[in-house]
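# Close look at the chain arrangement
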Amino acid sequence: MNEPTLTPAVFHILLSLSDQNRHGYNIMQDVLERTDGKIRLSPGTLYGTIKRLLETELILELPEQPDETDQRRRYYQLTKLGRSTAKAEAQRLEELVRLARSKKLLPNHRGTP
Amino acid sequence: VNSGHERSATKHPLKTYRMLLRLYPKTFRIRYGEQMESVFEDGLAGSNGTAWFWLGTIWDVCSHALLEHLHLLAANRTLTGIVIAAISLSGLLNIMNGVIQPDFDWSSGLVFYLQAVSMLGVFVFLNHRRLWLEILGLLLIGNVYVQFGFGVSAGWLSLAGFLVVVASQLQAHQNGWRFDALSRGLLLWFSARVLELAFTRFQVMTGYRAETPILSLFWLLEGASLLMLARLTWQQSRLTRAG
């Protein structure tokens, strides 16, 4: 049986935490910038997803908070399991893109129309 | 659109948002409430609190709060088990009644059963407080039906209802669900409806034809129950504001 696919919100949050630890609003801003404003995570989506990522141990909450400006902020970090899950999903997507190229749904070289 | 409510929301944005967050399950609110408030304030600063921002915020909280309640309900295996067991038990006892009693009225039995099951479902989602009143209400419904010949299955349904109300009460206690006024109002409406059904059955059994004023009394009772629902909901919102 195939691995279950990740929802876009889950994948984007994992991607966001793959290069550095971030707090909620920072994750939202990162996703917004990275997708050129196409994906805007709402607080409800963000914290609902964070809750499930914590339960499945794909991310963890840092015990010490580096941000001193707002004590309410909590920082999150990708776990080993989270990193390998994101990697597996990226490989799955890459394989899909390769298939789409072979069916000429996408150009063979980046930038070629 | 710049209504009075919106002006009040923009005057005390964090207070308003905090009130909205009360729709979330208590456990979720305790864990993520402050973080969400922080994100809300950051978002508010970036948007200048436009009407679109508020509409999006209200939609976001309402839809995701409901999702979190559903997640919790699905995760509570004890509650789900009790609900399934209670409904299966009452269904089984209905079938047994049908087998034992040759003149068992299957069609009205099915209608009553479906109504009771829907009511129990509503309780599971909406119930919060006034446990004893609700138990008394359910026992009363069961007893009225027992008196009018449709009794044994109604009695068992009452018992099933009792179990579900207890289970949903425990669930609601854990999660701080706020819509108890709605559940109480629905119970009142359902009680009035069942009384009307019981009276109709009484007429069929005895051959007695009620005068229009008597039937109007039941409609009046149902109308009053709905008004009570509106009043309780208003009281609840006042209490929420005060709290």
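Residues numbered from 1 in each chain as written. Chains lettered and ligands numbered in written order. Predicted model: local features only at pLDDT ≥ 70, side-chain atom pairs only at ≥ 80, totals over all residues. Heavy atoms only, no water.

Residue A:E57 is not a glycine yet carries a positive backbone phi of 60 degrees. Inspection of the secondary structure assignment puts A:E57 in the loop between α3 (43-55) and β2 (59-61). (Helix = DSSP H or I, 4+ residues; strand = E, 2+ residues; numbered from the N terminus.)

It is worth spelling out the confidence of the model for chain B at this point. Residues and elements named next belong to chain B. On average, chain B scores 63 in pLDDT, and the residues at 70 or more come to 25%. Ignoring residues within four places in sequence, the model shows residues 1-7, a span with pLDDT below 50, making 3 contacts including any to other chains. Throughout residues 124-133 the model reports pLDDT below 50, and contacts reaching past four residues in sequence, or to other chains, amount to 36 contacts. Reported confidences for the modelled complex are a pTM of 0.55 and an ipTM of 0.83. (pLDDT = per-residue confidence, 0-100. Contact = heavy atoms within 4.5 Å.)

Next up on the list: helix α2 (residues 13-21) of chain B. Within the span of α2(B), buried status applies to B:P13, B:T16, B:Y17, B:L20 and B:L21. What you see down the axis of α2(B) is that its buried residues fit within an arc of 140 degrees, all on one side. (Buried < 20%, exposed > 50% of the residue type's maximum accessible area, 1.4 Å probe, protein only. Arc of directions from axis to C-beta.)

Tallying the contact residues gives 19 residues for chain B and 19 residues for chain A. For the pair chain B and chain A, the summed buried surface comes to about 1600 Å²; carbon and sulfur atoms form 52% of the total. Contact with chain A buries surface across chain B, with B:Y32, B:Q35 and B:V39 losing the most and accounting together for 33% of the total. Linking chain B with chain A are 5 salt bridges. Ionic pairing is found between A:R73 and B:D42, a salt bridge with its closest N-O pair at 2.9 Å. One can count 9 residue pairs in polar contact (both at pLDDT 80 or more) joining chain B with chain A. Going through the elements one at a time, α2, α3 (26-47) and α4 (51-75) of chain B are the ones with two or more residues in the side of chain B that touches chain A. The element best represented in the side of chain B that touches chain A is α3(B), accounting for 12 residues. Along the lines of polarity and charge, the residues of the side of chain B that touches chain A split into 7 nonpolar, 5 polar and 7 charged. (Buried area = accessible area lost by both parts, 1.4 Å probe. Salt bridge = Lys/Arg side-chain N within 4 Å of Asp/Glu carboxyl O. Polar contact = N/O pair within 3.5 Å; in protein donor to acceptor, adjacent residues only side chain to side chain. Nonpolar A, V, L, I, M, F, W, Y, C, P; charged D, E, K, R; others polar.)

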